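# Residue-level structure breakdown
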Amino acid sequence: GAPLVEASHRLAWDRVFRVLQMESRYGLPATLRLYLRAAIGSLFLSPEGQPLRFKDLEIPMLIMTTGIRLEGLQHGLDFYEHYLDDAVSKNFQRPRQRISTLMRLGSILKEFVEAEDALCEVVFGSDPATYDADIVDAAGFSSSIPGLIHYDVLRDDRHMKSLLDELYARYGITRLMEGGVVNNVPCRPAYAEAMSGRLGRRNPFVLALDCFQPRLRTPLAYGIQQLVRPNVLRNLPYATHYVGFEKMLSPLNLIPTLPELNQTIDWSIKELTPHMPLIEMYLKEVRPL
């Protein structure tokens, strides 16, 4: 729709990402600094002009992030901050550079996945402590790929900093990063949210859409897809119906163009169409017996 078109026009590389020295307070340092608020922050404002928070949404939304405990950091913060500096300086969008970048991303992700006990799920919008959190900040942390993308809250915002300080203390974490490391298809948190009664009913239909299932046709990303597959399989018992997409953009296409977004939508519609009769059946209202 129109919001997607407007967002795509704002997502220019030099507006969203910057390569510069930046303080790290809540996010894991990385080569690219994500300035999500500068790009799309104005699209997520309340009628009063205030940043939207989870409690403001008519339809509850959850955003998955990964909390890292101190023992999960196997290197100094400087290592993560400069891990892919050379790849970005050589323009990692080039095919040959993408191969090297994906291999190195796989290596650092493997370290975190193997340190499973030092990681935890932090679900913004589910934990009551996060109801008052800024939606754009949660999305930024959820987009933070170890070694590649760093998001942080460094602006003068005492509310969010206080909320994050309390959250970090309660979870015993030192940094936040992309949620797929611990839960790439978070069916269980969605199911638990419905069963808590927060939605008013406890008979949810959980549709799991997986755009990162292992596919041999994408050999460059296959290793990383295999790394997160175990956490996907742990969540599938909570899904009513699962759809693994066959055709998606490259995971290193960080700023897709509008034609590329439209192409992805077309692929998704085509793959979902055979599943629609079953989905419609599940969603059909059943009269009381």
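Preceding this section is the structure that the text describes.
A short tour of the structure in this document, coming up. All values reported here derive from a predicted model rather than from experimental measurement.

The next subject is the sheet that holds strand β1 (residues 17-18). Backbone-to-backbone hydrogen bonds join strands into a sheet, with any given pair of strands oriented parallel or antiparallel. Taken together, three strands build an open sheet; the order of strands is β1-β2-β5 and the sheet is mixed. Every other strand in the sheet has two partners, leaving β1 and β5 (147-150) as the edge strands with one partner each. Both strand β2 (residues 30-34) and β5 contribute to a ladder of three bridges, which runs parallel. Across the sheet, A30 pairs through a bridge with G147, a residue of β5.

Turning to the side chain of D137, a few remarks are in order. Tracing the backbone through its elements, the reader meets D137 in helix α7 (residues 135-142). Classification of D137 by relative accessible area gives buried; the value is 0%. With near-sequence residues (within four places) excluded, D137 lies in contact with R37, Y151, V153, R155 and M160.

The subject of this paragraph is the packing of aromatic side chains. Counted according to the given criterion, the structure contains eight aromatic pairs. Pairwise contacts between aromatic rings join F79, Y80, Y83 and F112 into one cluster. Positioned above the aromatic ring of Y83, the side-chain terminus of R104 is 5.3 Å from the ring centre.

So, about the nonpolar core. Ranked by internal contacts, the top residues of the largest apolar core, which has 56 residues, are F17, F112, F124, F141, L148, L164 and Y168. Counting six residues, the second-largest nonpolar core is a separate cluster that includes V185, C187, V232 and A239.

Between the first and last C-alpha of helix α8 (residues 158-171) there are 20 Å, a value that for 14 residues agrees with the 20 Å anticipated at 1.5 Å per step. Within the span of α8, buried status applies to M160, K161, L163, L164, L167 and Y168. The buried residues of α8 occupy an angular sector of 160 degrees when projected down its axis, which confines them to one face. Across from the buried face of α8, at angles greater than 90 degrees, the exposed residues are R158, E166, A169 and R170. Where α8 is buried, its residues touch β4 (119-124), α7 and β6 (175-178).

Take the state of the cysteines next. Summed over the entire model, instances satisfying the criterion amount to zero disulfides. Note on C211: no disulfide assigned, nearest cysteine sulfur contributed by C187 at a separation of 13 Å.

Calculation rules
Residues numbered from 1 in each chain as written. Predicted model: local features only at pLDDT ≥ 70, side-chain atom pairs only at ≥ 80, totals over all residues. Heavy atoms only, no water. Pairing = 2+ DSSP bridges. Helix = DSSP H or I, 4+ residues; strand = E, 2+ residues; numbered from the N terminus. Buried < 20%, exposed > 50% of the residue type's maximum accessible area, 1.4 Å probe, protein only. Contact = heavy atoms within 4.5 Å. Phe/Tyr/Trp six-rings, centres within 6.5 Å; stacked < 30°, edge-to-face > 60°. Lys NZ or Arg CZ within 6 Å of the ring centre and 35° of its normal. Core = buried A, V, L, I, M, F, W, Y, C linked by side-chain atoms within 4.5 Å. Expected span 1.5 Å × (residues − 1). Arc of directions from axis to C-beta. Disulfide = S-S within 2.5 Å.

Fair warning: the whole summary comes from geometry, so function is off the table for now.
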